[in-house]
Structures are given as structure tokens and as C-alpha cells.
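The primary structure of each chain is shown beneath.
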Amino acid sequence: MTKITLVASGDLRESANVQCWPAQAVMEAKLTEVLARMGHELVRGHPVKEPQGHGFIASQREGMDIFAGLDPDAPLIVAEAVWQYSHHLLAGLTSHRGPILTVANWEGEWPGLVGLLNLNGSLTKAGVAYASIWSEDFEDAFFTEKLDEWLSTGTIVHDASHVSAFVGDAGPDAALVQDIANDLRRNKAILGVFDEGCMGMYNAIIPDELLMPMGLFKERLSQSALYHATLQVPEAEGRAAYQWMLDRGMTFHLGTNPATQLIEAQVIDQCRMYIAAVRMADSFGCEAIGIQYQQGLKDLLPASDLVEGMLNNDDRPDVTRTDGSVIRPGEAIVHFNEVDECAAVDGLLINRLHRALGQPVETTLHDLRWGGPDLSDTHEGYVWVLEISGAAPPAHHPGGWAGSASHRQPAMFFPFGGGTLKGYAREGEIVWSRIYVEGGALKMDMGRGQAVTLPPEEQERRSQATNPQWPIMNAILSGVSRDQMMGRHKANHIQVVYATSAAEADRALRARAALATELGIDVSLCGVTE
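Residues numbered from 1 in each chain as written. Predicted model: local features only at pLDDT ≥ 70, side-chain atom pairs only at ≥ 80, totals over all residues. Heavy atoms only, no water.

Our next topic: helix α3 (residues 87-94). All of the buried residues in α3 are His88, Leu89, Leu90, Gly92 and Leu93. Here the buried face of α3 lies against β1 (2-7), α2 (60-68), β3 (76-80), β4 (100-105) and α4 (112-126). (Buried < 20%, exposed > 50% of the residue type's maximum accessible area, 1.4 Å probe, protein only. Helix = DSSP H or I, 4+ residues; strand = E, 2+ residues; numbered from the N terminus. Contact = heavy atoms within 4.5 Å.)

Ranked by internal contacts, the top residues of the largest apolar core, which has 70 residues, are Ile77, Leu101, Val103, Leu226 and Met245. Top contributing element to this core by residue count: helix α10 (residues 264-284), with 11 residues. Apart from the residues lying within four places of it in its own chain, the contact partners of Ile77 are Ile4, Thr5, Leu6, Val7, Leu35, Leu42, Leu101, Val103 and Trp150. Val431, Ile521, Val523 and Leu525 belong to the second largest nonpolar core, which has 57 residues in total. (Core = buried A, V, L, I, M, F, W, Y, C linked by side-chain atoms within 4.5 Å.)

A word on unusual backbone geometry. Notably, Asp195 is not glycine yet its phi reads approximately 70°, a positive angle. Assignment of secondary structure puts Asp195 in the loop between β7 (189-194) and α7 (208-211). The class of Asp195 is partly exposed, set by a relative accessible area of 27%. Unusually for a residue other than glycine, Val339 sits at a positive phi of about 40°. Tracing the sequence through the fold places Val339 in the loop between β11 (334-335) and α12 (341-357). Overall, Val339 belongs to the buried group, its relative accessible area being 1%.

The next thing to look at is the packing of aromatic side chains. Within this structure, the stated rule accounts for nine aromatic pairs. Ring geometry for Trp134 against Phe142: centres 5.5 Å apart, planes inclined by 35°, an arrangement best described as tilted. In terms of burial, Trp134 and Phe142 fall into one category: buried. Every member of this aromatic cluster is reached through a ring pair, and the members are Trp106, Tyr382 and Trp384. Across the ring face of Tyr202, the terminal group of Lys125 is positioned such that the distance to the ring centre comes to 3.9 Å. The aromatic ring of Trp106 is capped on one face by Arg482, whose charged end is 4.4 Å from the ring centroid. (Phe/Tyr/Trp six-rings, centres within 6.5 Å; stacked < 30°, edge-to-face > 60°. Lys NZ or Arg CZ within 6 Å of the ring centre and 35° of its normal.)

This part covers the environment of Asn120. Considering the arrangement of structural elements, one finds Asn120 in helix α4. We classify Asn120 as buried; its relative accessible area is 2%. Each C-alpha atom of the pair Asn120 and Arg488 lies 9.9 Å from the other, and the pair is 368 residues apart in sequence. Once you skip the residues sitting within four places of it in the chain, Asn120 turns out to touch Thr102, Tyr130 and Ser132. At 2.9 Å, the side chain of Asn120 and the side chain of Thr102 are in polar contact. In this structure the side chain of Asn120 is engaged in a polar contact, spanning 3.0 Å, whose partner is the side chain of Ser132. (Polar contact = N/O pair within 3.5 Å; in protein donor to acceptor, adjacent residues only side chain to side chain.)

Turning our attention to the pairing of strand β17 (residues 473-477). Among the five residues of β17, five are classified as buried, and the element is accordingly described as predominantly covered. Judged by which residues are buried, β17 turns out to be covered on both faces: Met473, Ala475 and Leu477 on one side and Asn474 and Ile476 on the other are all buried. Taken together, the three bridges between strand β13 (residues 382-386) and β17 define a ladder with antiparallel strand orientation. The residue bridging Val385 from the neighbouring strand is Asn474, located in β17. (Pairing = 2+ DSSP bridges.)

Dropping the structure here:
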């Protein structure tokens, strides 16, 4: 019998760890049972903390101390049924010599899949070897066969037949692509980073030296400065932005108890933050900005999600300078959620290229959250639930602002509340992508797909199975199976943007692949061919 060590990373917020622990405990019990049947013993590398009510590693220091006491040559399983902060484990995993396996349950309730993908992306960036698997019940043939492969060899090989290197060009858009690349390298662009490193997402930080050859530079800003700037915005200006959204038909689900419900004062403060963010972007000359919005800001202000969705939309409330001139009228200010700098680069390229092509510029990242068959049988194939934790641009929703709604963010994450910008994404052709760091270089995966509309009952089932306050894009990804996607993807996030037709989406994909290649990014196509 082989003894295998198990570790589990959790959130930095104890309220989340306590609420999510039961799902983790069920997963660990099932893994223990399956491995025992296969002749192996799964042993926790750290005890359940009974006084705290959970068994998660809840800080970087705690993770370091735990790994210091583990056998560095033992086979190790990182089991995740929840969202987790990868930096809790990363230090220990970088020096662990035994085979590492990351495992997640296939559930929508708590985003264990998202936590696993973030850890995988972080390990990839750090150059740490690992294997990865996932399962709905830990009894299916895919899981048991891949687990046996890891137990026998210490590695797992996933099907990557859907992946091919991009070696083409932009075709009829070659001159346009060259102009954009030349302009970036000549005139440069600034990414405004409000506190780098959200929720331990090491994979979402791009070293400056990889950005500089493309003409991209970071302006490191502080959420404290954003907090101060928000307080300087008169309430009347915030209320005017709120009224602008109401006039366009957006629904705000308001209550009276600020501890658990969205109240108008929270929304007004979010609108003040939006105005402050636009002015700071203008003041520092930032083409794109990213607000960390979690640790730190959440203890001072309502969540920034509504702000982020507003920023990413061409049609948004005007914000003026002191001289009365409007800042970038009728144009989105690219926001990269959770200060994901990989999404920043992608979003900036999308904005420039799609605007030049006359295609929709509104883009967002989503979590690759979960998915499954459409139980209504409206659509064949695997339908992913792409779900970002708070806001999508209204242009992604049927009816725009009128098809969007705001719900209070969960109290266990955001004590001061704040509203989301929720909707169910409209039907349409999409291009998906992800930039990531591997081997000290920037790489990019790209593919095609369709956002699909589901009947209300099926849509509600999916929303309630995840976080019903958050926006969802139900997507079918062309030519990529569930397990191919999971085996290849190097991040918890996936970038999406619409095109007006399948032909225009193909054109936009080709042009952006060529643009990224020209800028020095190693591009792969997933599920599509040139």
C-alpha cells in the first residue's frame, strides 16, 4: 500500500472557509474511499481545525509551516472542492519533489474547478510539474483510469489533439494588424493596476519584462487612492450615474437591510467609485485598468463589480474632467477583473482590433465555472457555464442595460455589500482566448464558440447551482470537449468577445492571433484550424 499525502487550500476569509467546508469534507471522504479500494492510503497532511470549523490551509505562512513538516518525496494530492488562494500552497509545492496531483469535484455550488484551474495556471507559470484530474462522482472511467495512470507513473497525459500552433497571418487584415502593433511599440500603452495579485492569483501577474517589448507598461496604483478618490466624488454625481442606468431600464433588487440586502446607498457609492476610476484612468493615461477589489477594498467600500461592468461597456454614463469635457465619450475603458494582467493584455488587444474591424468591443473574462448537457435538450453538446463573480458588460445581455440586473454580493465575501451586473448572455458567435505565462514566455490559446440561450427553467437551474447573483454565459466551445478543455487550460479565467457573424468571428480570431504573434506571443488554436 502506498501512503499518499492530502493537502487542501482554502480562502483567506474564514467566513467562506466555514461555509464551504462541508463540501470539501464530502469530497475528501470519497477520494479516501476510492484510493483505499485501489490499495492506497490517503492521509491528511494537516489536521482539521475544529475550533475554526474547517480543515483548509488559510494563509501563506500556514502553508509554509505545514509543508516544512511533510515528506518532500511523498506522492501528494491537492484536493479542491472550493475556490482557494493558490499562494497558500505555492511555496510548498515549488520545493516538493514527489509527484503532485491536483483534483477537483465537478460541482457548481462552490467553484472547486475554478480553484483547481488557478492552481494549475500558477504551477505552470512557476515551472512546477503536476498532473490534474476532475470528476462528478470519482467513480467514472475517465477519473479512475487517469488516477491509476498517476499512481503508476506519477504523471497524466491528457488528449491535446484539438491544439495546433498558429503559423498563419492576418490575411486581408495584415496591414491593420501591423499598424496596431507598430503603434503599441512606438507610442506605448499603460495598464493601471490597482494593487497587484488578487486572491493569490500568481498566474495572473505578468512580469514587466514580458510586457515591455510589446509597448505595454504597468502603472501601479493603490486601492487606497481609489478609496480616497471615491470619497471626493459628490453624492449628486453618483446619483446621476445611477439614474442614467435606471433610465435605460436596468433593474436593481433593493432591500432595507444593508447587512444582507442591496440598498440604494451602496449603489450610489459604487457609482461614485465608477466616476473616480474613470478620472484616475484619465489622469494617469491608462488605456486599461484593473481593480483587485477583494482584500482591502472590500473592508472600506461596496464591491466594485457594478463599476467593472459599467467600464467595459461602450454605452456608459458620461464622466467629465474639471473643465467639463467628457472622458472617452462612447467608448469602453477596458477593465481587467481581479487585476488579471493576462486578461488586461487580451482585453486591450480586443478593444483596439475589434474597434478597427467594426466588431463589438465589449469583452470580459469569466470563470470557467462548470457545465454539462443542456437538460432541456434545446442544444446538443456540452454547454459550459462561464460565470464571472459579479459583472459582465450590459452589451453582452439581451436588451443591454434593460436586460441587466443588480443583486447584492454575498455577505460572506463582501460585508459592505454592493451590487452585481447580472444578465444571461445573448445568443451569438464568440471568440474565446487566454493568455498565460509558461517557461518564462507569454503564450495564448484561442478558439471559437457560440453563446446560447436556454429555456428559463434550465437557465434557472444552472444559476441556482452556482451563484445566482452573478452573470452567466452559456457557451458551446467549438471542437473542444470538456476534458480536453480542462486538461489544456492554464487559468481559472477565460476571455470572451462577440462578433456579428460566424465569418466575422473567424476573421477576428485570425487577425488577433496574428496580432499577438507579431507582438511576440506564442499562439495556439484550440478546436479550430487556420
